[in-house]
Amino acid sequence: MSDYYPTMTTERAYDVIIVGGGPAGLTAGLYSARAGLSTLLIEKGVIGGQVANAELVENYPGFPDGISGWDLGQLMHRQSIKYGLKTHNAEVKGIEVKERLKLVKTTEGEFLAKAVILAGGSELAKLGVAGEERLIGRGVSYCATCDGPLFRDKVVCVVGGGDAAVTEALFLSRFVSKVFVIHRRSELRASKILQERAFAEPKIEFIWNTVVQAIAGDDEVSGVELLNVKTGERSTLKVSGVFIYIGLRPNTNYLKGIVPLDDGGLIVTNGRMETGVPGIFAAGDIRRDSARQAITAAGDGATAALSAERFIRGQE
């Protein structure tokens, strides 16, 4: 297999390499390994991906009482390694395509594969306002499940209006004295059941048609500077914590010029998860038209693995 790369050891050569260890990547690993293909999954962070940060996943089939995102990720991982999936902790920095093989370049060396499945998902977007970067870890957070208990009996705000923002606001209400949800529109984008729970929670108050322009504080967060996008009114809200959930940004910077991307940086695929580059597939939140749900990511992963298997068998 390493004829094109004579220095490549067989220990670093695989049939399939999967980039990303969320539901898409783990499911792809399960299907690929069960098909008898040597499979390596490379993950730069925590196994489970973004779902690992969810305190409770209520809409994944098979768990009528819900399951923590961490537990879901660990169970999927355990199931996939049972069938032979290998995992490696590293960040993928680039992919080189040469003839029928792909060289995957990481912070921990290079690996070779006949097929690659891109399932690196997305990372939480940042506001990009003054004070945000400086106060990360000192009141600015992107994970209420991780940091919520540190703000017991304090006043905090959540920025965003989707499922993630409302879910985290509800979680924070268990610990804090008050949660302000700051949303740039006049209504939420979150699902109806989450909205009903949030509107019924006395600790949660909504600030509509408003954006954060700056985060104040010296050694720690002391407040946020706000702008009402309809009236132009400016105000200051005193809070001890700022939790940001304004969307996701695909982890595709290293893929520019390698696979087709849309204007938002999402990978363009067809229904078989093919990217247009033979032997490279994409699954989950990283691809265009993804529903951005754990269950659909898992479905993408299964489809990508089956397509990768067909591709490899066809090359033999």
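Further up the page is the structure itself.
Residues numbered from 1 in each chain as written. Predicted model: local features only at pLDDT ≥ 70, side-chain atom pairs only at ≥ 80, totals over all residues. Heavy atoms only, no water.

1. Here's the deal with the overall build of the protein
Of the regular secondary structure elements, the protein holds six helices and 17 strands. Relative to the globule expectation of 20 Å for 316 residues, the C-alpha radius of gyration of the protein, 21 Å, shows essentially globular dimensions. With respect to the principal axes defined by its C-alpha atoms, the protein has extents near 65 × 40 × 30 Å. Nonlocal contacts in the protein, meaning residues at least 24 apart in sequence, comprise 60% of its contacts between residues at least 6 apart. Summing over all exposed atoms, the protein offers an accessible surface of approximately 15000 Å²; the carbon and sulfur share of this is 49%. If the 36 positive side-chain charges of the protein are averaged to one point and the 37 negative ones to another, these points end up 2 Å apart. (Helix = DSSP H or I, 4+ residues; strand = E, 2+ residues; numbered from the N terminus. Rg over C-alpha atoms; globule rule 2.2 N^0.38 Å. Contact = heavy atoms within 4.5 Å. Areas by Shrake-Rupley, 256 points an atom, 1.4 Å probe, with all protein chains shown as cover. Lys, Arg positive; Asp, Glu negative; His and termini not counted. Charge placed at Lys NZ, Arg CZ, Asp CG, Glu CD.)

2. Some points on the environment of Lys 192
Relative to the helices and strands, Lys 192 is located in helix H5 (residues 192-200). Separated by 29 residues in the primary sequence, Lys 192 and Asp 163 have C-alpha atoms spaced 9.5 Å apart.

3. Comments concerning the state of the cysteines
In protein structure, a disulfide is the covalent linkage between the sulfur atoms of two cysteines. Taken as a whole and assessed by the stated rule, the structure comprises one disulfide. A sulfur-sulfur distance of 2.1 Å marks the disulfide that ties Cys 143 to Cys 146. Taking the torsion about the sulfur-sulfur bond, which here is approximately 70°, the covalent link between Cys 143 and Cys 146 counts as right-handed. Given the relative accessible area of 8%, Cys 143 is considered buried. (Disulfide = S-S within 2.5 Å. Buried < 20%, exposed > 50% of the residue type's maximum accessible area, 1.4 Å probe, protein only.)

4. Here we look at the environment of Ser 235
Within the secondary structure, Ser 235 sits in strand E14 (residues 234-237). With 63 residues separating them along the chain, Ser 235 and Ala 298 place their C-alpha atoms 44 Å apart. Residues within four places of Ser 235 in sequence aside, it is in contact with Val 224, Glu 225 and Leu 226.

5. What to know about the packing of helix H1 (residues 23-34) against helix H6 (residues 294-315)
Viewed as axis vectors pointing N to C, H1 and H6 meet at an angle of 35°, and their least axial separation amounts to 7 Å. The element H1 and its partner H6 pack so that their crossing is right-handed. Touching Pro 23, Ala 24, Thr 27, Ala 28, Tyr 31 and Ser 32 of H1 are Ala 294, Ala 297, Ala 298, Gly 301, Ala 302, Ala 305 and Leu 306, all from H6. Along the lines of polarity and charge, the residues of the contact of H1 with H6 split into 10 nonpolar, three polar and no charged. (Axes fitted to C-alpha atoms, helices over the stretch in contact; angles between N-to-C directions. Left-handed = near helix turned anticlockwise from the far one by under 90°. Nonpolar A, V, L, I, M, F, W, Y, C, P; charged D, E, K, R; others polar.)

6. Notes on the packing of H1 against helix H2 (residues 69-82)
The geometry of H1 relative to H2 is characterised by a closest axis approach of 9 Å and an angle of 20° between their N-to-C directions. Classified by the interaxial angle, the pair formed by H1 and H2 is roughly parallel. As H1 runs across H2, the sense of the crossing is left-handed. Seen from H1, the contacting residues are Pro 23, Leu 26, Thr 27, Gly 29, Leu 30 and Ala 33; seen from H2, they are Gly 73, Met 76, His 77, Gln 79 and Ser 80. (Parallel < 35°, antiparallel > 145°, perpendicular 65-115°, else oblique.)

7. A short note on unusual backbone geometry
At Asp 153, a position not held by glycine, the phi torsion is positive, near 65°. We classify Asp 153 as exposed; its relative accessible area is 61%. Non-glycine residue Arg 292 carries a positive phi angle of around 55°. Position of Arg 292 among the secondary structure elements: in the loop between strand E17 (280-282) and H6.

8. Some thoughts on the sheet that holds strand E8 (residues 140-141)
Taken in spatial order, the five strands of this open sheet run E8-E15-E9-E10-E11, and their pairing is parallel. The open sheet has two edge strands with one neighbour each: E8 and strand E11 (204-207). Here strand E10 (residues 178-182) pairs with E11 via four bridges, running parallel. What sits directly across from Val 179, in E11, is Ile 204. Packing of helix H4 (residues 163-172) onto the sheet brings it into contact with strand E9 (155-159), E10, E11 and strand E15 (241-244), and relative to E9 it is tilted by some 165°. (Pairing = 2+ DSSP bridges.)

9. Digging into the pattern of salt bridges
In this structure the tally under the stated criterion is 11 salt bridges. The residue Glu 96 makes a salt bridge to Lys 105 at a minimum N-O spacing of 3.3 Å. Assessed through its relative accessible area of 31%, Glu 96 is described here as partly exposed. Exposure remark for Lys 105: the relative accessible area of 31% places this residue in the partly exposed category. (Salt bridge = Lys/Arg side-chain N within 4 Å of Asp/Glu carboxyl O.)

10. Here's the deal with the packing of aromatic side chains
Pairs of aromatic rings are described using the distance from one ring centre to the other and the angle between the two planes. Applying the stated criterion across every chain yields a total of six aromatic pairs. Residues Tyr 60 and Phe 63 carry aromatic rings whose centres are separated by 6.4 Å and whose planes lie at 50° to one another, so their mutual orientation is tilted. What makes Tyr 60 buried here is its relative accessible area of 14%. Overall, Phe 63 belongs to the partly exposed group, its relative accessible area being 27%. Judged by centre distance (5.1 Å) and plane angle (5°), the rings of Phe 206 and Trp 208 are stacked. Among the residues examined, Phe 206 registers a relative accessible area of 15% and is labelled buried. Residue placement shows Arg 12 over the ring face of Phe 111; its charged tip is 4.4 Å from the ring centre. The ring of Tyr 83 has Arg 34 lying over it, and the distance from NZ or CZ to the ring centre is 5.0 Å. (Phe/Tyr/Trp six-rings, centres within 6.5 Å; stacked < 30°, edge-to-face > 60°. Lys NZ or Arg CZ within 6 Å of the ring centre and 35° of its normal.)

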